[in-house]
Number of protein chains: 2
Amino acid sequence: MPESKIQQAPHKILAIPGPIEVTNEVLDAISQPPMSHVSPGFVKIFRECMDMTRQVLYTTTGMPFIIAGSGTLGWDEVSSNLVEPGEAALVVNTGYFGDGFSDCLRAYGASVDHVRAPLGDVVPSIDIERALKKRKYKVIVVTHVDTSTGVLSDVKAVAKIARKVSPETLVIVDGVCSVASEEIRMDDWDIDVILTASQKGLGTPPGLSILVASTRAIKVFENRKVPVTSYYASWQKWLPIMRAYDSGSPAYFATPPVNMVYAYHASLKQLTVGLEERFRAHQRASERIKAVAKQLGYTQIPKRSSIAANGMTAIYVPDGFAPKEIIPRLTEHGIVVAGGLHKEVKDKYIRIGHMGTSVVDERRGDVETIEKALKASVRK
Amino acid sequence: MPESKIQQAPHKILAIPGPIEVTNEVLDAISQPPMSHVSPGFVKIFRECMDMTRQVLYTTTGMPFIIAGSGTLGWDEVSSNLVEPGEAALVVNTGYFGDGFSDCLRAYGASVDHVRAPLGDVVPSIDIERALKKRKYKVIVVTHVDTSTGVLSDVKAVAKIARKVSPETLVIVDGVCSVASEEIRMDDWDIDVILTASQKGLGTPPGLSILVASTRAIKVFENRKVPVTSYYASWQKWLPIMRAYDSGSPAYFATPPVNMVYAYHASLKQLTVGLEERFRAHQRASERIKAVAKQLGYTQIPKRSSIAANGMTAIYVPDGFAPKEIIPRLTEHGIVVAGGLHKEVKDKYIRIGHMGTSVVDERRGDVETIEKALKASVRK
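Only a predicted model underlies this, so the values are computations on that prediction, with no experimental measurement involved. (Residues numbered from 1 in each chain as written. Chains lettered and ligands numbered in written order. Predicted model: local features only at pLDDT ≥ 70, side-chain atom pairs only at ≥ 80, totals over all residues. Heavy atoms only, no water.)

Asks: I tried to follow the domain arrangement of chain A on my own but got confused; where do I start?
Replies: Many analyses report the size of an interface as the accessible area lost when the parts associate. All names here are of chain A. Taken domain by domain, chain A comprises domain 1 (13–20 + 275–378) and domain 2 (24–272). Listed by partner, the interface residues are 30 residues for domain 1 and 34 residues for domain 2. Carbon and sulfur atoms supply 61% of the area buried between domain 1 and domain 2, which totals about 2,500 Å² over both sides. Sorting the residues of domain 1 by area buried against domain 2 places L275, F279 and I307 first, and these three jointly supply 24% of that buried surface. Inspection of the region where domain 1 meets domain 2 yields three salt bridges. The partner of D121 in a salt bridge is R304, with the nearest N and O atoms 2.9 Å apart. (Domains from an automatic or database assignment. Contact = heavy atoms within 4.5 Å. Buried area = accessible area lost by both parts, 1.4 Å probe. Salt bridge = Lys/Arg side-chain N within 4 Å of Asp/Glu carboxyl O.)

Laid out in structure tokens, this is it:
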């Protein structure tokens, strides 16, 4: 791709846990004139997006589904393609997004059980093991990073337990707030589905639902007994399309969002150079921001640093402050952050996103700006 | 909005029936840095999109749903929110997209009947009237312009028949290939749902599902007996969000595709100035292109000019030619067109899109380029 022509106008740093700041190259790509979704040029771009998506997740055999939609659409794909009405699903619930996924599973007829973590904690392995022994689950669902609390679950360990106790249960990871900011090794960890969206670690504006399914998941789908219970999210429709693009031919079910795909392609090209260094950059930035916050009297929602996400920080505001005064102060000092989302503590904390180019491109100075804004936020 | 900074690189004219050519202003808007989906700035833009969407459809009371997705997602919204499992739907079928909508209705449990038009024709009113008298239908569904054949149905007449014969049946218009290129007066014609997508007459890249529901449709939804059978397409989720944005407050269900919304906003601002002149521009361009095609030995799929769409042309190639030689010739002469889609005649015809800025902005000369390319396409 030629040098980016786009220069972003000065603006406050978008430091919410998605959408995030994107690079000039991504904005340059998204502003190309639309091309035909069945043209050889587009097929090439789409195919490369599929391949680079696999790279990001360290899978060689996973089948990516890249569809116009938000991250939520991935829940519908899982619920309507992999779980048949009446079948059981186990939700490893660390907050708001576990509840959401559960709602979605139920909408399509699943029988849902939860193993719940206390606020700010992960679900103990023993609870997961016990639940899996008690009932036969078609899927086990875990939110890698719960965006409402910043809690990071150990999906590798969850997958291991599931595979040991209930080898047929499909392991589903909601990676909306973790893909490309936290390491995920789909093949090594033996995960069946990772679903995510474009606007967080993947560094693209929102508008793409991205999901990768294992060969095992695809086989389970192909052996369904009853028809798929959705249409727009149906793999009966999408699988032939994705297979066609993957082998270099166009196919049509619904018009793909071509400009969003250009943008995703541009971001993936930047991402896939030095993935491991990218994860380390997220860790470093996270440690810095969390350390500064702690000095200033902010307290983490995650109970231990080992279960805190690297791409975001969810912190209770210091005593004597309220989010509704802190948030505008942070904005005044150049960063846009998010308020609380978890119903139990909604009005007591803030959420800061630090993903993608903001932490990888040090020349931007975004981490420094976040640190400075935090310091200014509690100044009397 | 300030003068557009983006200049599109020279490229072949995208003359397929969607996605279409977009203006520099639209590309300028889509390439702005993402902002928070709950910020006052975004709420304002989203709210204005809702209002301008109403303007385009001549409705004051319709409730717009603007969601990340393709046009197809509108089918899911109708099928899962307005039709309960086991209820009956009547599809006024003029081709490929009638079949698709029917598949979608069935996926969510509807009992579907069809009244079918012969290839290239519309369904006679008397057939629709008879069907409506024979069975109680929850919805009647009509494709305004079937993109596979370029047939334009008289949705005003269909709505009138339905309202007369079966006043409670909801009238659903698939306007994916007609909104903003064909006149639709939602309130005057008493239509309950118009669903469309961003990438055709609305002049925005693909990636937004746009649907407007009447007060009657919303009431029917609110009086459902069983829970909604989808999740991502569920109005139980989206209606509170759209109502919040409509009244100027943010709300969260799934992250809206902010850059796509910027682009849609920019396009709507251009569209809503002189809507009626815009419809006339589509008619003039359509007449010119169809006349040239006729002179050259191309034959319309629509059987009469009164039932031919104004935003696209579906034509059998002249005797002695095949689409697979015509299409590359047209590309050589600067325009990208689409092949056939209707299974009965797939390899005998081509489809040319002439919507949006290509027909409205005469300085572009796109209509002339299409005419010239057509002439060159049959030169021996």
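Here the narrative resumes, following the displayed structure.
Asks: Before we go on, may I ask you to explain the UniProt feature "modified residue: N6-(pyridoxal phosphate)lysine" (unreviewed entry) in chain A in this structure?
Replies: All names here are of chain A. UniProt annotation of "modified residue: N6-(pyridoxal phosphate)lysine" (unreviewed entry) refers to K200 when read in the numbering used here. On the basis of relative accessibility, which here comes to 5%, the residue K200 falls in the buried class. Sequence-distant contacts of K200, that is, excluding residues within four places in its chain, are made with P17, G18, I20, T147, V176, C177 and M355. There is a polar contact of 2.9 Å between the side chain of K200 and the backbone oxygen of P17. (UniProt positions renumbered as here; feature names shortened; annotations may be inferred. Buried < 20%, exposed > 50% of the residue type's maximum accessible area, 1.4 Å probe, protein only. Polar contact = N/O pair within 3.5 Å; in protein donor to acceptor, adjacent residues only side chain to side chain.)

Asks: Help me understand the relation of the copies chain B and chain A in this model?
Replies: Copies of the same chain, two in number, are related to each other by a rotation about an axis and a translation along it. If you rotate chain B by 180° and push it 0.0 Å along the axis, it lands on chain A with an RMSD of 0.0 Å. What we have between these two chains is a two-fold relation. Distance from the rotation axis, computed per C-alpha, reaches its smallest value in chain B at G69(B): 2.3 Å. Take the interface residues of chain B: 100% of them recur as interface residues in chain A, which is what a same-surface contact looks like. (Least-squares fit on C-alpha atoms with pLDDT ≥ 70 in both.)

Asks: Please explain the UniProt feature "binding site: substrate" (unreviewed entry) in chain A as it appears in this structure.
Replies: UniProt's entry tags R351(A) with the feature "binding site: substrate" (unreviewed entry), counted in the numbering of this structure. By the element assignment, R351(A) lies in strand β15 (residues 349–353). (Helix = DSSP H or I, 4+ residues; strand = E, 2+ residues; numbered from the N terminus.)

Asks: Sorry if this is basic, but what is going on with the interface of chain B and chain A here?
Replies: If you look at the interface, chain B gives 53 residues, while chain A gives 53 residues. Where chain B abuts chain A, roughly 3,700 Å² becomes buried across the two surfaces, and 69% of that area is made up of carbon and sulfur atoms. It is P34(B), Y231(B) and Y232(B) that lose the most area in chain B upon contact with chain A, and together they represent 17% of the buried surface on that side. On the surface where chain B and chain A come into contact, there are two salt bridges. Here D103(B) ties to K237(A) by a salt bridge, and the two come within 3.3 Å at their closest N and O atoms. The interface formed by chain B and chain A includes 14 residue pairs in polar contact (both at pLDDT 80 or more). At the level of elements, α1 (24–30), α3 (72–81), α4 (96–107) and α10 (258–271) of chain B are the ones that each hand at least two residues to the side of chain B that touches chain A. The biggest single contributor to the side of chain B that touches chain A is α4(B), with six residues.

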